[in-house]
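Understanding the architecture of this molecule
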Amino acid sequence: FLWVYSNEVESHDERPAPAYWCRFVRAGRTVATGYFNRHSLIAGRAVARGDVHDLGRLLEDRLLSAFARRRPLEQERSARIVFSEADRLPGLVIDLFPPYAVLQSNTAGMDLMLPGLTEQVPTLIERVFQATIQGLVLRCDAAVRRLEAVDLFRRVAFGDPAAMARVEVREEGVRHVADLVAGQKTGFFLDQRDNRLQFGALVRALRPERVLDLFCYSGGWGLRALQAGAGHVTFVDESREALELVARGLAANAVGPGRAELQRADVFDFLARQPDSYDAVVADPPAFAKSRKNLPQALKAYQKLSRWAWRRLKPGGVLFVCSCSHHLTQTDFLDLLTAAVAKEHGLAHLIYRGGQSPDHPVLLSMPETAYLKCVGLRKIEGP
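It should be emphasised that the depicted structure is a prediction, and the values quoted were computed from it without experimental measurement.

If you tally the helices and strands in the protein, you get 10 helices and 18 strands. Along the first, second and third principal axes, the C-alpha set of the protein runs to 70 × 45 × 35 Å. Accessible area for the protein stands at about 17700 Å²; split by element, carbon and sulfur atoms hold 50% of it. Counting 50 positive and 44 negative side-chain charges, the protein places the centres of these two groups 3 Å from one another.

Bringing the pattern of salt bridges into the picture now. Going through the model one piece at a time under the given rule, you end up with 22 salt bridges. Notably, a salt bridge pairs aspartate 111 with arginine 145, separated by 2.7 Å at the nearest N-O pair. With aspartate 111 in helix H2 (residues 108-111) and arginine 145 in the loop between strand E8 (135-140) and strand E9 (153-158), this pair connects stretches of sequence that are 34 residues apart. Both residues of the pair, aspartate 111 and arginine 145, count as buried. A cluster of three or more residues bridged by salt bridges with shared partners is formed by Glu76, Glu168, Arg170 and Arg175.

All right, on to the sheet that holds strand E5 (residues 79-83) then. Pairing in this open sheet of five strands is mixed, and the strands run E5-E6-E7-E8-E9 from one edge to the other. The strands lining the two open edges of the sheet, one partner per strand, are E5 and E9. Neighbour to neighbour, the strand axes of the sheet diverge by 15° on average, direction disregarded. Bridge count for E5 against strand E6 (residues 92-97) is four bridges, and the pairing is antiparallel. Residue pairing in the sheet places valine 82 in a bridge with isoleucine 94 of E6. Helix H1 (residues 55-69) rests against E5 and E6 of the sheet, and its axis sits at about 145° to E5. On top of the sheet, helix H3 (residues 114-129) reaches E5, E6, strand E7 (100-105), E8 and E9; it is set at about 140° to E7, its chief contact.

What follows covers the pairing of strand E13 (residues 232-237). Counted residue by residue, E13 has six buried out of six residues, so it is predominantly covered. Burial of E13 is two-sided: the residues His232, Thr234 and Val236 facing one way and the residues Val233, Phe235 and Asp237 facing the other way are all buried. Between strand E12 (residues 210-214) and its parallel partner E13, the chain crosses via helix H6 (residues 220-227), and the hand of that crossover is right-handed. Following the backbone out of E13, through helix H7 (residues 240-252) and into the adjacent parallel strand E14 (residues 260-264), one traces a crossover that is right-handed.

Counting 32 residues, the largest nonpolar core has Leu63, Phe67, Leu92, Leu103 and Ile125 as its most contacted members. Among the elements of the structure, strand E4 (42-49), H1, E5, E6, E7, H3 and E8 are those that each provide at least two residues to this core. Sequence-distant contacts of leucine 103, that is, excluding residues within four places in its chain, are made with Leu92, Val93, Ile94, Leu114, Leu117, Val121, Leu136, Val137, Leu138 and Arg139.

This next bit is on the sheet that holds strand E1 (residues 3-5). The sheet built from four strands is open, its strands ordered E1-E4-E3-E2 with antiparallel pairing. With one partner strand each, in any of the chains shown, E1 and strand E2 (19-26) form the two edges of the open sheet. Direction aside, neighbouring strands of the sheet carry axes that sit 35° apart on average. Bridge analysis of E2 against strand E3 (residues 29-37) gives eight bridges, and the strand direction is antiparallel. For tryptophan 21, the partnering residue across the bridge sits in E3 and is tyrosine 35. Along the sheet, H1 makes contact with E2 and E4, crossing E4 at roughly 80°.

Turning our eyes to something else, we now look at the side chain of serine 84. With respect to the secondary-structure elements, serine 84 resides in the loop between E5 and E6. On the basis of relative accessible area, serine 84 is assigned to the buried category, the value being 11%. Within the structure, the side chain of serine 84 is placed 2.9 Å from the backbone nitrogen of glycine 91, a separation counted as a polar contact. Discounting chain neighbours no more than four positions away, the residues touching serine 84 are Leu89, Pro90, Gly91, Leu92 and Val93.

With that out of the way, let us pick up the pairing of strand E18 (residues 373-379). With six of its seven residues buried, E18 lies for the most part within the structure. Here strand E16 (residues 313-323) runs beside E18; their pairing, made up of six bridges, is antiparallel. Counted as the bridge partner of cysteine 322 is cysteine 374 from E18. Bridging between strand E17 (residues 348-354) and E18 involves six bridges; their strand directions are antiparallel. In the sheet register, arginine 353 faces E18, and the bridge partner there is valine 375.

What counts, and at which threshold
Residues numbered from 1 in each chain as written. Predicted model: local features only at pLDDT ≥ 70, side-chain atom pairs only at ≥ 80, totals over all residues. Heavy atoms only, no water. Helix = DSSP H or I, 4+ residues; strand = E, 2+ residues; numbered from the N terminus. Areas by Shrake-Rupley, 256 points an atom, 1.4 Å probe, with all protein chains shown as cover. Lys, Arg positive; Asp, Glu negative; His and termini not counted. Charge placed at Lys NZ, Arg CZ, Asp CG, Glu CD. Salt bridge = Lys/Arg side-chain N within 4 Å of Asp/Glu carboxyl O. Buried < 20%, exposed > 50% of the residue type's maximum accessible area, 1.4 Å probe, protein only. Pairing = 2+ DSSP bridges. Axes fitted to C-alpha atoms, helices over the stretch in contact; angles between N-to-C directions. Contact = heavy atoms within 4.5 Å. Right-handed = clockwise from strand over helix to strand, strands pointing away. Core = buried A, V, L, I, M, F, W, Y, C linked by side-chain atoms within 4.5 Å. Polar contact = N/O pair within 3.5 Å; in protein donor to acceptor, adjacent residues only side chain to side chain.

Read these as spatial facts, not as claims about activity.
The structure is reproduced here in C-alpha cells:
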C-alpha cells in the first residue's frame, strides 16, 4: 500500500505536531515506514516497506534512484526529476531547469524534510547530472496543501530571484520563458513536452495559416506551432503575467511582427464573442475537476469548452484538447469529446492520444499518477 485513509487508522500516537514520520503496524508487525498527518483524509503515506532505521539514507537513496531514471539527460534539458509517489517520495516534486531547480512539497510530512532536502538536492543533482545548481526555489504554494492543514508559501532558498523569474527553457528548438518564482505550478509545464512535439509535427505537415492557443499560459503550444511553420497564432489567457511570458517567448524566438496576437480574456468569453475560424485550435485548461465531488460540473465545463472550440475550427482542421484532472478517466474524457462533437452535428477522426511525458512516470499500482490526457481530433469536411 502507499496511502492509508483516516478511516483505516485504528490508533495513532497523540503527538502535538500535526504530522510526523512513523511506522505503520498491522497485527503487531511493521508493514511500512512513512509519515502520518491527523488532519488529512489521506492520513498516512508510505515511503518504504518494513522498518527503516536510517531515514536520511533512505531519502538519499530514493533521490539518487529517481535522478538515475532520468539519465541520460541532454545538456540544458529541463525535466521533472522527482515525481512524488511514482518515485516513492510522496508529496515531493523536483523540476530541473539548468542551472536552476524547483522543489515542491505538497504534504505536511514532506515539509518536515525540507531543511535537509534544501541542502541535499543541489549536491545530488550535481553528482548525477554534472550540472551545478545556481538557484533553488521552494514552491510550497499548491492549493492541495490546504487539505493537509499546512500553510502555503514560496521561498528562494538561494540564487538570484530576478534571474529565476525569467528563465529560458529550451525544448527541441523552441525557447520558452518561465517564471520559477511566481509562475504557475513550478513555472513551466514539462508534462506536455511530448504532446507539444506531436502537435508541432502535425503543424509542420499541415502548414496552418491560423492557430488558436487557449489557456496559453507561457505559450508552449503556440510557440511550437510558430516554430513548425504556422502563419499566425492567437494566444488567449486571462492572466497578464502569463501573456508577459508569451511576449518574452516571442522575442526569444525572434518571431516577426504580425505573426502573433495576445488576447487577455476569459477563454469562454473570448470564444462566445469570437466569430473567426482557425486551422488548428489547442485547449489546455487548468484542472476543472479538483476533487471527485465536483466532477459532474467539470464534465460540463470540458464539454462546453470542447464544443465552443470545435465551432472555431475550420473543416479539415485539428483540435487538441487536454485535461490534467486525475479524477477524470481517459474513457470519460473520450466520451465527453464524442458527445461534444455529436452535439455540434460534426464528425471527427481521432488522430492522437497522449499523456504525460516519461519524466512523469505512471506507477502501475497507483492510477492517480496517470493524470494527463491529450486528445487530437481532425474535423471531417462535408455534411
